[in-house]
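Fold and contact review
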Amino acid sequence: MREDNKLDIALVGIILAITIFGVLMVYSASNYYALVTSNDPFNLVKRQGIYASLGVMLMFIIAYCVDYKVFSNIIISVTIYILANLSVVALLFIGYESNGATRWIRIGSFSFQPSELAKVATILLLSTVIERYRSKLDDVRFLILCLVIILIPGVLVLREDMSSAIVIVAASLLILFVSTPQIWYYVAGVIVGIVGIFYTLFLAATIDPNVQITGILGMILPQYRLNRFRVWLDPWTDPYGFGYQPIQSLYAIGSGGLFGQGFGMSIQKQGFLPEPHNDIIFSVICEELGLVGASVVLIAYSIFVFKGFLVALNAKDLFGSLVASGLVGLVAIQVIINVGVNTNLFPTTGMQLPLISYGGTAIIVLLASLGILLNISKHV
């Protein structure tokens, strides 16, 4: 037990360490790309430094000045949830397209990714509802209400960002899992998920790549997603198309060896890996720092997850426990997906490595939400 109103220093330290390392890796991974695209090798890292600094500032403001219990107010949590979902809907009308995906709203030179806010908003509202109506956890009707809260942002985000939709659903289901002893519906969910993966592989193998699927199935599994599943098991069947990124990523990882080529010495970032500072940055880490460096990064995330779940376990109220679990799960799930995609354990999808990949909205919103986690840690 710590003295009240004292942050978990170890948790603060690991968050700051990962964030600082992320800024350094963004520079290393982006300098060639930035030089080619803007004639300034420091272009992207300067922005990332600003984003990270703003995020850290918000994290400490929330940690010290905003009592996490304020988010358990149903009006506040519902308002944040509605605004987040409306911003996702706004993508249909004022969304900004980049790399074939419409995931951003651009205001001047600033781009905002609504799905990042939707992740946190869903965690807050779901935790609030469960905390207020905990006596109804065994009621199937209440479970349906919780699923509706989860699926509204999940379905809205799914249209353009399947990986973020998966994160929203998975982190929310983790909250449900820790809030009730009932497990049968999780077993059922796992079975449905496995069947869905095999069905998707079946569709990818049997449907003509030139035929566009229509209806709800077409929204969930458009051809470009099926193509990613199609080349997942053997990227070399399409080495210059959908298999290009996983192949180049594996080349980077393989060439890193045990200790890597050295910081800043990646070859694959020099025009081979697409946007190496973003979703694929873990491959650059492996190439430059090797198995040892990549393992240290994963250990750092593991320490964060361990310390975060200790906060959840020792929280003084159910709301704090659920929010802490959801936020820690949010980071852990994104790490698993990102590393899985980089190593071709999962089909290619756009998922940033939390606190490390380049991105304004992602790091600012995540660090701000971790301020809530740190605020909870003051009261354990």
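The coordinates are above.
Criteria and cut-off values
- Residues numbered from 1 in each chain as written.
- Predicted model: local features only at pLDDT ≥ 70, side-chain atom pairs only at ≥ 80, totals over all residues.
- Heavy atoms only, no water.
- Helix = DSSP H or I, 4+ residues; strand = E, 2+ residues; numbered from the N terminus.
- Rg over C-alpha atoms; globule rule 2.2 N^0.38 Å.
- Buried < 20%, exposed > 50% of the residue type's maximum accessible area, 1.4 Å probe, protein only.
- Contact = heavy atoms within 4.5 Å.
- Areas by Shrake-Rupley, 256 points an atom, 1.4 Å probe, with all protein chains shown as cover.
- Expected span 1.5 Å × (residues − 1).
- Axes fitted to C-alpha atoms, helices over the stretch in contact; angles between N-to-C directions.
- Parallel < 35°, antiparallel > 145°, perpendicular 65-115°, else oblique.
- Left-handed = near helix turned anticlockwise from the far one by under 90°.
- Nonpolar A, V, L, I, M, F, W, Y, C, P; charged D, E, K, R; others polar.
- Salt bridge = Lys/Arg side-chain N within 4 Å of Asp/Glu carboxyl O.
- 1 Å grid on protein atoms, 1.4 Å probe; cavity = no way out; pocket = protein on both sides within 12 Å on 5 of 7 lines; lining within 4 Å.
- Points joined across faces, edges and corners; volume = space filled by probe spheres on them.
- Polar contact = N/O pair within 3.5 Å; in protein donor to acceptor, adjacent residues only side chain to side chain.
- Patch = residues over 30% accessible without salt bridge, like charges linked within 9 Å, V, L, I, M, F, W, Y side chains within 5 Å.

In terms of regular secondary structure, the protein chain is built from 13 helices and 3 strands. Computed over its C-alpha atoms, the radius of gyration of the protein chain comes to 21 Å, within 12% of the 21 Å expected for a compact globule of 380 residues. By principal-axis analysis of the C-alpha atoms, the protein chain measures approximately 55 × 45 × 40 Å. Burial status across the protein chain gives 51% buried among its 380 residues. A sequence separation of at least 24 residues applies to 71% of the contacts in the protein chain between residues at least 6 apart. Split by element, the accessible area of the protein chain, about 17,400 Å² in all, is 70% carbon and sulfur.

Attention shifts here to helix H12 (residues 318-342). Under the 1.5 Å per step criterion, the end-to-end length of H12 is 36 Å for 25 residues, consistent within 8% with the ideal 36 Å. Burial of H12 is extensive: 23 of the 25 residues sit out of reach of the surface. Downstream of H12 by a residue or two, Asn344 has a phi angle that is positive, lying close to 65°.

This part is about the packing of helix H10 (residues 244-256) against helix H11 (residues 281-314). Interaxial distance between H10 and H11 falls to 7 Å at its minimum, and their mutual angle equals 20°. Relative to H11, the element H10 is oriented roughly parallel. Like other packed secondary-structure pairs, H10 and H11 cross with a definite hand, here left-handed. Touching Ser249, Ala252, Ile253, Ser255 and Gly256 of H10 are Ser283, Cys286, Glu287 and Gly290, all from H11. Considering only residue class, the contact of H10 with H11 consists of 3 nonpolar, 5 polar and 1 charged.

Our focus in this paragraph is the pattern of salt bridges. Overall, the coordinates contain 8 salt bridges when judged by the stated rule. A salt bridge links Arg141 to Asp139, with the shortest nitrogen-to-oxygen separation between them at 3.1 Å.

According to the stated counting rule, one finds 2 cavities of 30 Å³ or more in the structure shown. Taken together, 16 residues form the lining of the largest cavity, with Glu116, Gln334, Gln352, Ala362 and Leu366 sitting closest to its centre. If you list the elements that add at least two residues to the lining of the largest cavity, you get helix H4 (114-132), H12 and helix H13 (360-377). If you tally residues by element for the lining of the largest cavity, the top one is H13, at 5 residues. When its residues are assigned to classes, the lining of the largest cavity shows 9 nonpolar, 5 polar and 2 charged.

What follows deals with H10. Residues lying three or four places apart along an α-helix face the same way, a consequence of the helix completing one turn every 3.6 residues. For H10, with 13 residues, the first-to-last C-alpha span of 19 Å sits near the 18 Å given by 1.5 Å per residue. Within H10, the full set of buried residues consists of Pro246, Ile247, Gln248, Ser249, Ala252 and Gly256. Looking at the packing, one finds that the buried side of H10 touches H11 and H12. Of the residues one or two after H10, Gly257 is the one with positive phi, at around 60°.

Looking now at the side chain of Asp161. Positionally, Asp161 belongs in the loop between helix H5 (140-158) and helix H6 (162-179). Only 2.7 Å separates the side chain of Asp161 from the side chain of Ser164, close enough to count as a polar contact. In this view, Asp161 contacts Arg103, Gln113, Ser115, Arg225 and Gly350; residues no more than four positions away in its chain are not counted.

Time to look at the layout of surface pockets. Reported here for the second largest pocket is a volume of approximately 180 Å³. Around the second largest pocket, the lining is made up of 14 residues, and of these Val88, Leu91, Leu156, Val157 and Arg159 lie nearest the centre. Listing elements by their share of the lining of the second largest pocket, those giving two or more residues are helix H3 (74-94), strand S2 (101-107) and H5. Of the residues in the lining of the second largest pocket, the class split is 8 nonpolar, 2 polar and 4 charged.

Turning next to a nonpolar patch on the surface. Together, Leu147, Leu151, Val155, Ile216, Met219 and Ile220 make up a nonpolar patch on the protein surface, roughly 490 Å² of accessible area in all. Every element with two or more residues in the nonpolar patch is listed here: H5 and helix H8 (215-220). Inspection of the secondary structure assignment puts Ile220 in helix H8. For Ile220, a relative accessible area of 30% translates into the label partly exposed.

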